[in-house]
Amino acid sequence: GNSVTQMEGPVTLSEEAFLTINCTYTATGYPSLFWYVQYPGEGLQLLLKATKADDKGSNKGFEATYRKETTSFHLEKGSVQVSDSAVYFCALRVGGSQGNLIFGKGTKLSVKP
Amino acid sequence: EAGVTQSPTHLIKTRGQQATLRCSPISGHTSVYWYQQALGLGLQFLLWYDEGEERNRGNFPPRFSGRQFPNYSSELNVNALELEDSALYLCASSSPGGINTEAFFGQGTRLTVV
């Protein structure tokens, strides 16, 4: 079946630290990959996406590269800010009747000043 | 342009009652998805509607049901409410265009079952 596995949180970092949140997936076929972010008390927002192998999605200083050989889509940011504190979800989407987004369990990030 | 809107924002029901949650997608979007987010973390897929048809269903009992109307809005019905149904219910919509299109989420309905 199709699934997404994210590293367990919570992750606590100091401001300006480097961030990596690991995400691996299992999929039948060739999925599109997404990172969503949920700020406290809000719904989910798309952070970035990649639709084919070796694509790099980027937004707001965050990056993730679609690695087909390792079935991974790790999220990185070179220097986190307090305002990046949120829950981050990795997700995939395949075609056909399974075409809904499938999410990982989420990783809570707390950034301290 | 208006985003995905959900109503009500909060809903308190008694165990055994029925709850109805509503979702209006972004204009032009034909797909609507429902997710349950319990304990503030983790999204469980409930239902996917596209062009008025149910396309996929998550691993939930039949008392979770829904429908999509001709204007693409949708409602989620939960019958015979149980305490563990207390959660944030999120609706999302997407445009036609296949797996590369992202889904846009509403702010959710917080359902509390007492």
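Residues numbered from 1 in each chain as written. Chains lettered and ligands numbered in written order. Predicted model: local features only at pLDDT ≥ 70, side-chain atom pairs only at ≥ 80, totals over all residues. Heavy atoms only, no water.

A.B. asks: It is not clear to me how the environment of Arg-93 of chain A should be interpreted in this structure. Could you clarify?
C.D. replies: Position of Arg-93 of chain A relative to the elements: it lies in strand 10 (residues 86-93). Each C-alpha atom of the pair Arg-93 of chain A and Asn-2 of chain A lies 8.8 Å from the other, and the pair is 91 residues apart in sequence. Residues in contact with Arg-93 of chain A, not counting those within four places in the same chain, are Pro-31, Ser-32, Phe-34, Gly-99, Asn-100 and Leu-101 of chain A together with Tyr-33, Ser-94, Gly-98, Ile-99 and Thr-101 of chain B. From its side chain, Arg-93 of chain A meets the backbone oxygen of Thr-101 of chain B in a polar contact 2.6 Å long. (Helix = DSSP H or I, 4+ residues; strand = E, 2+ residues; numbered from the N terminus. Contact = heavy atoms within 4.5 Å. Polar contact = N/O pair within 3.5 Å; in protein donor to acceptor, adjacent residues only side chain to side chain.)

A.B. asks: Please clarify how the nonpolar core should be interpreted in this entry.
C.D. replies: Note on soluble globular proteins: their nonpolar side chains tend to be buried together. Counting residues in hydrophobic clusters, the biggest one holds 28 residues, and the most contacted among them are Trp-35, Leu-47, Leu-48, Phe-73, Leu-75 and Tyr-88 of chain A. Every element with two or more residues in this core is listed here: strand 2 (11-14), strand 3 (19-21), strand 4 (23-26), strand 5 (32-38), strand 6 (44-50), strand 8 (62-65), strand 10 and strand 12 (107-112) of chain A. Looking at this core, the element that brings in the most residues is strand 10 of chain A, giving four residues. Leave out the neighbours within four places in its chain, and Tyr-88 of chain A touches Gln-6, Ile-21, Trp-35, Tyr-36, Val-37, Leu-47, Phe-62, Leu-75, Gly-106, Thr-107 and Leu-109 of chain A. Formed by 21 residues, the second largest nonpolar core is a distinct cluster that contains Leu-11, Cys-23, Ile-26 and Ala-87 of chain B. (Core = buried A, V, L, I, M, F, W, Y, C linked by side-chain atoms within 4.5 Å. Buried < 20%, exposed > 50% of the residue type's maximum accessible area, 1.4 Å probe, protein only.)

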